[in-house]
Amino acid sequence: RTLNKDIVDENNNEVILRSAGLGGWMLQEPYMFNYSSGANTQHEFKEKLNNLVGSENTELFFESWLDNFVTEQDVDSIASWGFNSIRLPMHYDLFTLSIQNEPVEGENTWLDRGFEIVDQLLDWCEQNELYLILDLHAAPGGQGYDAAISDYNSEFPSLWESVENQNKTIALWKQLAIRYKDEPWIGGYDLLNETNWDLANFELRSFYVQVTNAIREHDTNHIIFIEGNWFANDFTGLIPPWDDNMAYSFHKYWSYNNTESIQWVLDIRNQYNTPLWMGESGENSNTWFRNAIRLFEDHDLGWAWWPMKKLESISCPMSITKTVDFENLLNYWSSGNNPPSVNNAINTLFQLTEDLKLENCTYQNDVIDAMFRQVNSNETKPFDSTQSIPGRIF
């Protein structure tokens, strides 16, 4: 919960949330898995899979993805690396049907899969004493023009163009609050990830207040995290705070790591005596990671790093291997040339879900070292594994 400018535990001890972001699990963002050239969103990727391998195999692929992307071993590792919390990006369609697919207009059909994923993850978090922060990354209809990050489909009304989508979002948060209201290892509710939409004055605030009221009918225990518009960096209309257990969450990418870069949010904290959380950053170099986290912690700010796992990447702790067959599949989608056989495509996709498992990923200790040890030490250390250079340097 919040206490003045701080986030605290049940004993009023300050908690600096150091969070691992589980991006790519419940919602695939195409750039993270190299398929942006063939599909801009998860729903477009599903459509391509349906056309190539059929709906049954597509469903099996996504089930295998959900089973393997995060396991108990991942959560144990996150705790061992030094994180004390997890930010879980959620896709609404694992919890409820879209308004287009509801059998009865205006009703909410609840799906077990999403709740079961959260339940299992929460159990693993509790075993490791990690706080779990629920983040609605893809709201009903989608909350931004940047379709890739919220799976927005412009053929249907967005969250902001549909009262039905807004009602469904409010109902979803109400269900989550009912289910987790007494859970001590729930760290809070991050209501909407990175809204990016032209909204009228106070439109975002009005919606947030409605969601807050629905949550507070059942849960007064947990923090509500509020992100601004335009990728969590415009808090126009969102101050002053309207709840006594809320925090403002800003995101920071690709900017200088100096006090000036975050002074605007420090001013909000100071003026309104309300905590801040840097709710998403990453996708940069180890040096940038170290300097950003040092900046945040110098100002008593918690942080969340994005993502934990990605395909063929050096900027996250775990890198998923990209096979030649998957590269060929991606090339086919982007060019239309050399179509794979159905059997080859199926084998390629299920090899990918096997490669998602932590034990099959490449652990990049240098990333974790930069985020934790180097934040507090300037000592230089050698890599703890032999590095092979691809080629000869003369």
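Predicted, not measured: the structure shown is a model, and the values here were computed from it. Note on numbering: residues in each chain are counted from 1, in written sequence order. Residue-level local features of this predicted model are given only where pLDDT is at least 70; pairs of side-chain atoms are given and counted only at 80 or more, and the full residue set underlies all totals for whole chains, interfaces and linings. Here the side-chain values reflect all heavy atoms present in the structure, with hydrogen atoms and water set aside.

Quick word on the overall build of the protein
The secondary structure listing takes helices from DSSP runs of H or I that are at least 4 residues long and strands from runs of E that are at least 2 residues long, numbered from the N terminus. Each helix and strand counted, the protein has 14 helices and 13 strands in total. Relative to the compact-globule value of 21 Å for 394 residues, the protein shows a C-alpha radius of gyration of 21 Å, a close match. Across its three principal directions, the C-alpha atoms of the protein cover 65 × 60 × 40 Å. Taking all 394 residues of the protein together, 54% fall into the buried category. For this analysis, residues touch if any pair of their heavy atoms sits within 4.5 Å. Put simply, of all contacts in the protein between residues at least 6 apart along the chain, 72% involve residues at least 24 apart. Only the protein chains shown count as cover for residues, and the accessible areas themselves come from Shrake-Rupley with a 1.4 Å probe. A total of about 17200 Å² of accessible surface is found on the protein, and carbon and sulfur atoms cover 45% of it. Taken as two groups, the 24 positive and 59 negative side-chain charges of the protein have centres that lie 6 Å from each other. Throughout, the radius of gyration refers to the C-alpha atoms, and the reference size of a globule is 2.2 Å times the residue count to the power 0.38. Per-residue accessibility, obtained with a 1.4 Å probe over protein chains only, is compared with the maximum for each type, and a residue is labelled buried under 20%, exposed over 50%, and partly exposed between these values. Working convention for charge: Lys and Arg count positive, Asp and Glu count negative, and His plus the chain ends are omitted. Where a charge lies is defined by one atom per residue type: Lys uses NZ, Arg uses CZ, Asp uses CG and Glu uses CD.

Some details on the sheet that holds strand β4 (residues 85–91)
Only strands joined by at least two bridges in the DSSP assignment are considered to pair. The strand order around the closed barrel built from eight strands is β3-β4-β5-β6-β7-β8-β9-β10, with neighbouring strands paired in parallel fashion. Within the sheet, the average angular offset between the axes of one strand and its neighbour, ignoring direction, is 30°. Two elements, strand β9 (residues 276–282) and strand β10 (residues 302–306), share four bridges in a ladder whose sense is parallel. In the strand pairing of β10, Gly-282 is matched with Trp-306. All axes are obtained by fitting lines to C-alpha atoms, using only the stretch in contact for helices, and the reported angles, taken between N-to-C directions, cover 0 to 180 degrees. Packed onto the sheet, helix α7 (residues 203–216) meets β6 (186–190) and β7 (224–227) and runs at close to 170° relative to β7. Against the sheet, helix α10 (residues 286–298) touches β3 (18–21), β8 (246–251), β9 and β10, its axis set at about 160° to β10.

Here's the deal with the side chain of Thr-169
Looking at the secondary structure, you find Thr-169 in helix α6 (residues 163–180). Taking the relative accessible area as the measure of exposure, Thr-169 reaches 0% and is therefore buried. Residues in contact with Thr-169, not counting those within four places in the same chain, are Leu-136, Ala-139, Pro-140, Leu-159 and Phe-207.

Considerations on the packing of helix α4 (residues 112–128) against α6
Packed helices, taken two at a time, are described by the angle between their axes plus the distance between the axes. Put simply, α4 and α6 touch, their axes get as near as 12 Å, and they point 35° apart. The handedness of the crossing between α4 and α6 is right-handed. Contacts between α4 and α6 involve Phe-115, Val-118, Asp-119 and Leu-122 on the former and, on the latter, Leu-172, Gln-175, Leu-176, Arg-179 and Tyr-180. We call a crossing left-handed when the near helix sits turned anticlockwise from the far one by less than a right angle, and right-handed when that turn is clockwise.

Considerations on the nonpolar core
Trp-25, Leu-88, Leu-121, Leu-132, Leu-134, Trp-173 and Trp-305 are the most contacted members of the largest nonpolar core, which has 115 residues in total. Examining the composition of this core, we find that seven residues originate from one element, α4, more than from any other. Ignoring any residue separated from it by four or fewer positions in sequence, one finds Trp-305 in contact with Ser-19, Ala-20, Gly-21, Met-278, Ser-281, Gly-282, Trp-288, Phe-289, Ala-292, Ile-293, Phe-296 and Met-371. Take the buried Ala, Val, Leu, Ile, Met, Phe, Trp, Tyr and Cys residues and link them wherever side-chain atoms come within 4.5 Å; each set so joined is a nonpolar core.

Side note on helix α11 (residues 324–335)
Helix span, as expected, comes to 1.5 Å for every residue beyond the first. Across its twelve residues, α11 extends 16 Å between first and last C-alpha, which sits within 8% of the 16 Å expected from 1.5 Å per residue. Those residues of α11 lying buried are Phe-326, Leu-329, Leu-330 and Trp-333. Each buried residue of α11 lies within a common arc of 95° when the element is viewed along its axis, so the set occupies one face. For α11, the elements touching its buried residues are α1 (42–53), β11 (309–311) and α12 (342–355). Think of the arc as the fan of directions from the helix axis to the C-beta atoms.

Considerations on the packing of aromatic side chains
Pairing of aromatic rings covers Phe, Tyr and the six-membered ring of Trp, with a centre-to-centre limit of 6.5 Å; geometry is then stacked below 30 degrees between planes, edge-to-face above 60, and tilted otherwise. Tallied over the full model, the rule gives 31 aromatic pairs. With 5.8 Å between their ring centres and 55° between their planes, Phe-61 and Trp-65 make a pair best called tilted. With a gap of four residues between them, Phe-61 and Trp-65 both fall in helix α2 (residues 55–69), about one helical turn apart. The pair Phe-61 / Trp-65 is uniform in exposure class, with both members buried. Here the aromatic rings of Trp-81 and Tyr-363 are separated by 5.4 Å at their centres, their planes lie at 5°, and the arrangement is stacked. Residue Trp-81 is located in helix α3 (residues 72–81), and its partner Tyr-363 is located in strand β13 (residues 362–363); the two are separated by 282 residues in the primary sequence. Members of the aromatic cluster, joined through ring pairs, are Phe-83, Phe-235, Tyr-248, Phe-250, Trp-264, Trp-288, Phe-289, Phe-296, Trp-303, Trp-305 and Phe-372. Above the plane of the ring of Phe-62 lies Lys-46, whose end atom (NZ or CZ) is 4.7 Å from the centre. For Lys-309, the ring lying beneath its charged end belongs to Phe-69, and the centroid distance is 5.2 Å. Charge-over-ring contacts are defined here by two conditions on Lys NZ or Arg CZ: a distance within 6 Å of the ring centre and an angle within 35 degrees of the ring normal.

Structural notes on the pattern of salt bridges
Any carboxyl oxygen of Asp or Glu within 4 Å of a side-chain nitrogen of Lys or Arg constitutes a salt bridge here. In total, this model carries 18 salt bridges according to the counting rule given. Where Arg-87 meets Asp-190, a salt bridge forms, and the shortest distance between an N and an O atom there is 3.1 Å. You can see Arg-87 sitting in strand β4 and its partner Asp-190 sitting in strand β6, a full 103 residues away along the chain. Across the pair, Asp-190 and Arg-87 agree in class, each one buried. With a shortest N-O distance of 3.1 Å, Glu-354 and Lys-357 are connected by a salt bridge.

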